[in-house]
Structures are given as structure tokens and as C-alpha cells.
Amino acid sequence: MKILVDSNVILDVLLMREGVLSDSYRVIRLCSDREIEGYAAAHTITTLFYVLRKEFTQVERREMIFDLFTVFKIVSVDFEKLLSAIINFDFKDFEDCVQDECAAAVCADFIVTRNVKDFEGGKVPAVTPEDFLQIYGG
């Protein structure tokens, strides 16, 4: 099984967000343990580095990102994905559409996100970490 993990799920773990940490951690752990094939879009990495700047030093953020490279395969964002996303008016959010394009490019079974409604009508079904764990049987 293949999943693309949205930045909000990764942030749940890196920021140890109360109330959502457990399920997000379990999803990422499945990727880390290679029970499932986990992907992250390239622009997720730059977004994480930027968002984490208020909580962590540059060195700490670099170490975190480096560790993510051992958990996830990174999906490139290229001209075709960007073009497809920019002409897709079914999505309200361009960034979410790029996530969907990245997930489709690797034939992901699901996008795991906290913002399922933002992916309605996408190429790849979106599920919450909780729902993914129920589907997977974890």
C-alpha cells in the first residue's frame, strides 16, 4: 500500500500536537517501519522547514528534515504536476491540488491528511489518520 502524507500530519508529530499525536504518529511509524510505502511531496519539505522556524533552530530543523528522508520517499514537483494543478478549478486550494497530483504520480492509494474536505474530487482519495488506521487495520 502507498500513501502520501500531508504536511499537517507530519506537523502533528514534530510539534507533538495534543489530541492528534497518537494516530499521526502511528501512520508515520508504519512508513518508518516499511509496512507501507510512505511519500511526501517535495514542497511539503520546504513548507515544514519554514513553519517549524518558530519552534526550532535551523540546525534542529535540518536534522528533522534529514530524518524525514529516511521515512518518506520524496515526490518531485515538476512542470506537468504544476500545470495540471493550476488548470484544475475543482480544487479551491492550489497547494492541495499539487499534493493530489503528487499522490497520483506515485499511484498512492490514499492521501493522509487532517483536511479531507479540501481534497474532495481529487484523483486520490483523502482520509484522516484515524480513518487510514481503520482501513489498514492498525
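As shown above, the structure is provided for reference.
Computed from a predicted model, the values in this text were never measured in an experiment.

What counts, and at which threshold
- Residues numbered from 1 in each chain as written.
- Predicted model: local features only at pLDDT ≥ 70, side-chain atom pairs only at ≥ 80, totals over all residues.
- Heavy atoms only, no water.
- Helix = DSSP H or I, 4+ residues; strand = E, 2+ residues; numbered from the N terminus.
- Buried < 20%, exposed > 50% of the residue type's maximum accessible area, 1.4 Å probe, protein only.
- Lys, Arg positive; Asp, Glu negative; His and termini not counted.
- Salt bridge = Lys/Arg side-chain N within 4 Å of Asp/Glu carboxyl O.
- Contact = heavy atoms within 4.5 Å.
- Pairing = 2+ DSSP bridges.
- Axes fitted to C-alpha atoms, helices over the stretch in contact; angles between N-to-C directions.
- Phe/Tyr/Trp six-rings, centres within 6.5 Å; stacked < 30°, edge-to-face > 60°.
- Lys NZ or Arg CZ within 6 Å of the ring centre and 35° of its normal.

A. Structural detail: the side chain of D96. Residue placement: D96 occurs in helix α6 (residues 94-105). One buried charged residue, D96, forms no salt bridge at all, with the nearest opposite charge on K117 at 8.5 Å. Among residues more than four places away in sequence, those in contact with D96 are F91, D118 and F119.

B. Just the environment of K92, in detail. Its location among the elements puts K92 in the loop between α5 (79-86) and α6. Sequence separation between K92 and D118 is 26 residues; the distance between their C-alpha atoms is 7.4 Å.

C. View of the sheet that holds strand β2 (residues 37-41). Here five strands make up an open sheet; going across it, the order is β3-β2-β1-β4-β5 and the pairing parallel. Single-partner strands in this sheet number two, and they are β3 (73-75) and β5 (126-127). Summarising the sheet, strand β1 (residues 2-5) and strand β4 (residues 110-112) pair through three bridges and their orientation is parallel. Each bridged residue has a counterpart across the sheet, and for I3 the counterpart in β4 is F110. Together, β1, β2 and β4 form the strand contacts of helix α2 (residues 21-32), whose direction differs from that of β1 by roughly 130 degrees.

D. Molecular detail of the pairing of β1. Inspection of the sheet shows β1 paired to β2 by three bridges, in the parallel sense. Pairing of L4 across the sheet is with Y39, part of β2.

E. Here's a closer look at the packing of aromatic side chains. Within this structure, the stated rule accounts for three aromatic pairs. Residues F91 and F119 carry aromatic rings whose centres are separated by 6.2 Å and whose planes lie at 80 degrees to one another, so their mutual orientation is edge-to-face. Highlighted residues: F91 in the loop between α5 and α6 and F119 in the loop between β4 and β5, separated in sequence by 28 residues. By relative accessible area, F91 is classed as buried at 7%. Residue F119 is classed as buried on the basis of its relative accessible area, which comes to 3%. When the centroid spacing of 6.1 Å and the interplanar angle of 70 degrees are considered together, the rings of F110 and F132 count as edge-to-face. Of this pair, F110 sits in strand β4 while F132 sits in helix α7 (residues 129-136), placing them 22 residues apart in sequence. Both residues of the pair, F110 and F132, count as buried. Among the aromatic residues, ring-to-ring pairing joins F110, F132 and Y136 into one connected group. Above the ring of Y50, the side-chain terminus of R53 is found at 3.8 Å from the ring centroid. When the ring centre of F49 is taken as origin, the NZ or CZ atom of R61, which lies over that ring, is 4.2 Å away.

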